[in-house]
Amino acid sequence: QVQLVESGGGLVQAGDSLRLSCAASGRTFSTYAMGWFRQAPGKEREFVATIGWSGGSTYYADSVRGRFTISRDNAKNTVYLQMNSLKPEDTAVYYCAATMLRTTVAVAGGYPYWGRGTQVTVSS
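Analysis parameters
Position numbers for residues start from 1 in each chain and track the written sequence from start to end. In keeping with the predicted nature of the model, local features appear solely for residues at pLDDT of at least 70, side-chain atom pairs appear and are counted solely at 80 or more, and the whole-chain, interface and lining totals rest on all residues. Only hydrogens and water are removed before side-chain values are computed, so all heavy atoms of the structure are retained for them. Disulfide assignment relies on a single distance test, namely cysteine sulfur atoms paired within 2.5 Å. The helix count covers DSSP runs of H or I at least four residues long, the strand count covers runs of E at least two residues long, and both are numbered beginning at the N terminus. Partly exposed describes any residue whose relative accessible area lies between the buried limit of under 20% and the exposed limit of over 50%, with all areas from a 1.4 Å probe on protein chains only and scaled to the type maximum. Side-chain atoms within 4.5 Å are what join buried Ala, Val, Leu, Ile, Met, Phe, Trp, Tyr and Cys residues into a set we call a nonpolar core. Contact definition: two residues touch when any of their heavy atoms are within 4.5 Å. Every case where a carboxyl oxygen of Asp or Glu lies within 4 Å of a side-chain nitrogen of Lys or Arg is listed as a salt bridge. For Phe, Tyr and Trp, where Trp contributes only its six-membered ring, two rings pair if their centres lie within 6.5 Å, and the inter-plane angle classes them as stacked under 30 degrees, edge-to-face over 60, or tilted in between.

Caption draft 1: Broad picture of the state of the cysteines. A complete count under the given rule lists one disulfide for this structure. One disulfide in the model links Cys 22 with Cys 96; its S-S distance is 2.1 Å. On the S-S bond that ties Cys 22 to Cys 96, the torsion sits near -80°, and the link is left-handed. Highlighted residues: Cys 22 in strand β3 (residues 18-24) and Cys 96 in strand β9 (residues 92-99), separated in sequence by 74 residues. An identical accessibility class is assigned to Cys 22 and Cys 96; each is buried.

Structure follows, in structure tokens:
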């Protein structure tokens, strides 16, 4: 069982940056691939970024590639999402997810463990 707790969300202006964190419980964090997803009001949950167990492989949604960076610190059981050049369309609840698959996973169905989310609001 893995428990995930996101933090770092908030209200920012377009062009600003935020760094989200996801703290994971459990001694096997370093063997899990991790992902970030987001859900805007009235929309389906969508993939944002994923990182493999070692941090050596990453994959991004086209909408965030070049602006967002996913990383992890296995010693701290934490995964991060650095978000730069934020846009109003990035406004959503951001969720952290974990999977026992070691490679990157870009679909929500591949993740059995989810956090409760953190709100990110970008004003224009």
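Moving on, there is more to tell.
Caption draft 2: Main features of the nonpolar core. Counting residues in hydrophobic clusters, the biggest one holds 36 residues, and the most contacted among them are Leu 4, Met 34, Trp 36, Leu 81, Met 83 and Tyr 94. Secondary-structure elements contributing two or more residues to this core are β3, β4 (33-39), β5 (46-51), β7 (68-73), β8 (78-83), β9 and β11 (118-123). Tallying contributions element by element places β9 first for this core, with five residues. Setting aside residues no more than four positions away along its own chain, Leu 4 makes contact with Cys 22, Ala 23, Ala 24, Met 34, Cys 96, Ala 97, Ala 98, Tyr 113, Trp 114, Gly 115 and Arg 116.

Caption draft 3: Geometry of the pattern of salt bridges. Tallying each qualifying case throughout the model produces four salt bridges. Among the ionic pairs, Asp 90 bridges to Arg 38, the shortest N-O distance being 2.9 Å. On the criterion of sequence distance, the pair formed by Asp 90 in the loop between β8 and β9 and Arg 38 in strand β4 is long-range, its members being 52 residues apart. In this structure, Asp 62 and Arg 65 form a salt bridge, with 2.5 Å as the shortest nitrogen-oxygen distance. The structure contains a network of salt bridges with shared partners spanning Arg 38, Glu 46, Arg 67 and Asp 90.

Caption draft 4: The packing of aromatic side chains, seen in detail. Per the counting criterion, the structure on display carries six aromatic pairs. Ring centres of Tyr 32 and Tyr 113 lie 6.2 Å apart, and the angle between their planes is 35°; on these two criteria the pair is classed as tilted. Highlighted residues: Tyr 32 in the loop between β3 and β4 and Tyr 113 in strand β10 (residues 113-114), separated in sequence by 81 residues. Pair check on accessibility: Tyr 32 and Tyr 113 agree, each one buried. With a centroid separation of 5.9 Å and 20° between ring planes, the pair formed by Phe 47 and Tyr 59 is classed as stacked. On the criterion of sequence distance, the pair formed by Phe 47 in strand β5 and Tyr 59 in strand β6 (residues 58-60) is long-range, its members being 12 residues apart. A residue is classified by how much of its surface remains accessible, and Phe 47, at 14% relative accessible area, is buried.

Caption draft 5: Focus on unusual backbone geometry. One non-glycine residue with positive phi stands out, namely Asn 77, at about 55°. Its location among the elements puts Asn 77 in the loop between β7 and β8. At Ser 85, a residue that is not glycine, the phi angle is positive and equals roughly 50°. Here Ser 85 lies in the loop between β8 and β9.

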